[in-house]
Amino acid sequence: MSDLKALPRLRDGALKLADWLADPQPASAGALNVFAGTVRNEHLGNAVSGMSYHAHRALAEARLREIEAAAEARFHVSALVAHAVGKLEIGEISVIVVI
């Protein structure tokens, strides 16, 4: 995951899962856990046609890296957390967590 650590965590548009699985896991990892959150078609019984995500880029980038660092320190794992900004359609990936 070393090459991925240099990439921005906040991305314009839908995230692509393959982008975040490009680097091999460390040999000591023993597992790969992936969470991909997608835009769904309803919320509390109301239809949703898509989502528009906005962020203060510098603050969001720092916070995503803080979340990674906290997970790594607490659980002794390698972690990546990414979030999309902008307009996303139903089924597109808005957040990815790779452990």
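For the structure, check the block above.
Summary of the structure given here. (Residues numbered from 1 in each chain as written. Predicted model: local features only at pLDDT ≥ 70, side-chain atom pairs only at ≥ 80, totals over all residues. Heavy atoms only, no water.)

## Quick notes on the pattern of salt bridges
As a reminder of what qualifies: By definition, a salt bridge exists where a carboxyl oxygen of Asp or Glu is found within 4 Å of a side-chain nitrogen of Lys or Arg. Think of it this way: any DSSP run of H or I at least four residues long counts as a helix, any run of E at least two long counts as a strand, and we number them from the N terminus.
For the coordinates displayed, the defined rule picks out four salt bridges. For aspartate 12, the salt bridge is made with arginine 57, and the minimal N-O distance between the two is 2.3 Å. In this pair, aspartate 12 is assigned in strand S1 (residues 10-12) and arginine 57 in helix H2 (residues 57-75), connecting sequence segments 45 residues apart. Its salt-bridge partner being arginine 63, residue glutamate 66 comes within 3.1 Å of it at the nearest N-O pair.

## What to know about the nonpolar core
One broad rule of soluble globular proteins: the nonpolar side chains tend to lie buried together. The cut-off we apply is this: For our purposes a nonpolar core is just a set of buried Ala, Val, Leu, Ile, Met, Phe, Trp, Tyr and Cys residues, chained together by side-chain atoms within 4.5 Å. Residue exposure (1.4 Å probe, protein chains only): buried if accessible area is under 20% of the type maximum, exposed if over 50%, otherwise partly exposed. Working rule for contacts: check all heavy atoms of both residues, and any pair within 4.5 Å makes them a contact.
Leu4, Leu15, Trp20, Val39, Leu80, Ala82, Ala84, Leu88, Ile93, Ile96 and Val98 together form the largest nonpolar core, which totals eleven residues. Here the element with the most residues in this core is strand S6 (residues 80-89); it accounts for four residues. Excluding residues within four positions of it along the chain, isoleucine 93 makes contact with Ala14, Leu15, Leu17, Ala36, Gly37, Thr38, Ala84 and Leu88. With five residues, the next largest nonpolar core counts Leu10, Ala60, Leu64 and Val85 among its residues.

## Observations concerning the environment of arginine 9
For the record, the criterion: Contacts described as polar in this section are N or O atom pairs within 3.5 Å, which, within protein, must combine one atom able to donate a hydrogen with one able to accept it, while residues neighboring in sequence count only if both atoms come from side chains.
The topology assignment puts arginine 9 in the segment before S1. Between the C-alpha atom of arginine 9 and that of glycine 30, which follows or precedes it by 21 residues, the distance is 24 Å. Excluding residues within four positions of it along the chain, arginine 9 makes contact with Leu4, Trp20, Glu61, Leu64, Arg65, Glu68, Leu80, Val81, Ala82 and His83. Side-chain polar atoms of arginine 9 contact the side chain of glutamate 68, separated by 2.5 Å.

## Considerations on H2
Keep this limit in mind: Given a helix with a known number of residues, its expected span is that number minus one, times 1.5 Å. Taking the helix axis as origin, the arc is that swept by the directions to the C-beta atoms.
Taking 1.5 Å per residue as the helical rise, H2 with its 19 residues ought to reach 27 Å, and the 27 Å between its terminal C-alpha atoms agrees with that figure. Those residues of H2 that fall on the buried side of the exposure criterion are Ala60, Glu61, Leu64, Glu68 and Ala71. Viewed along the axis of H2, the buried residues span an arc of 105 degrees, placing them on a single side of the element. Turned more than 90 degrees off the buried face of H2, the exposed positions are Ala58, Leu59, Ala73 and Arg74. On the buried face of H2, the contacting elements are S1 and S6. Histidine 76, located one to two residues past H2, shows a positive phi value of around 55 degrees.

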